[in-house]
Amino acid sequence: MTESKPQPKRRKAASKSKAAEAEQWQKEVEQLSYQEANTALELTLAKLQSSELEVEEMAGLYRRAEAYAARCQVVLEQVAQEVVEWEALSS
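Residues numbered from 1 in each chain as written. Predicted model: local features only at pLDDT ≥ 70, side-chain atom pairs only at ≥ 80, totals over all residues. Heavy atoms only, no water.

Q: Would you explain the overall build of the chain in this entry?
A: Within the chain, the secondary structure is distributed over 3 helices and 0 strands. Listed N to C, the secondary structure of the chain is α-α-α in terms of helices and strands. Buried residues in the chain amount to 18% of all 91 residues. Taking the contacts inside the chain whose residues are at least 6 apart along the sequence as the reference set, 69% of them involve residues at least 24 apart. Carbon together with sulfur atoms contributes 54% to the accessible area of the chain, which is approximately 7900 Å² in total. (Helix = DSSP H or I, 4+ residues; strand = E, 2+ residues; numbered from the N terminus. Buried < 20%, exposed > 50% of the residue type's maximum accessible area, 1.4 Å probe, protein only. Contact = heavy atoms within 4.5 Å. Areas by Shrake-Rupley, 256 points an atom, 1.4 Å probe, with all protein chains shown as cover.)

Q: Where do I start with the pattern of salt bridges in this structure?
A: A side chain with one charge may pair with a side chain of the opposite charge, provided their charged atoms come close. For the structure on display, the rule yields 1 salt bridge. Note that Glu23 and Lys27 form a salt bridge whose closest N and O atoms lie 3.6 Å from each other. Linking Glu23 with Lys27, this pair stays in helix 1 (residues 8–30), spanning 4 residues, or about one helical turn. Under the relative-accessibility criterion, Lys27 is labelled partly exposed at 44%. (Salt bridge = Lys/Arg side-chain N within 4 Å of Asp/Glu carboxyl O.)

Q: Just to check I follow, could you spell out the layout of surface pockets for this structure?
A: Summary: where empty space remains is shown by rolling a probe the size of a single water molecule over the atoms. A volume near 350 Å³ is recorded for the largest pocket. Around the largest pocket, the lining residues are Lys18, Glu21, Ala22, Trp25, Gly60, Arg63 and Arg64. For the lining of the largest pocket, the secondary structure elements donating two or more residues are helix 1 and helix 3 (55–90). A per-element tally of the lining of the largest pocket places helix 1 first, with 4 residues. (1 Å grid on protein atoms, 1.4 Å probe; cavity = no way out; pocket = protein on both sides within 12 Å on 5 of 7 lines; lining within 4 Å. Points joined across faces, edges and corners; volume = space filled by probe spheres on them.)

Q: Help me out: how do you make sense of helix 2 (residues 34–48) in this one?
A: Because an α-helix completes one turn every 3.6 residues, residues spaced three or four positions apart along the sequence face the same direction. Here helix 2 contains 15 residues, and its C-alpha end-to-end distance of 21 Å stays within 8% of the 21 Å for a straight helix at 1.5 Å per residue. All buried positions along helix 2 are accounted for by Ala37, Asn38, Ala40, Leu41 and Thr44. Taken end-on, helix 2 shows its buried residues confined to a sector of 160°, consistent with a single buried face. Exposed residues on helix 2 whose side chains face more than 90 degrees from its buried face are Gln35, Glu42 and Leu43. Buried residues belonging to helix 2 abut helix 3. (Expected span 1.5 Å × (residues − 1). Arc of directions from axis to C-beta.)

Given below as structure tokens:
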């Protein structure tokens, strides 16, 4: 009887692929407008409210919701800074 040994090379490749995919997704989030990020956040939160989710899926959705919320915050901070600058120029 032979035992099958795990193949770490495949696991590493899969991990690298998932990491590259996550990195690409994060870059895409950074390009979203406030409205796009807010809509994505709302949709993600709605999915999280489903009682039929697997734990792993919940974790992934939670990470996405955090990223969308962070993007909304960044955009709001940028706009607030622009308003402060405009006010300084006009006074």
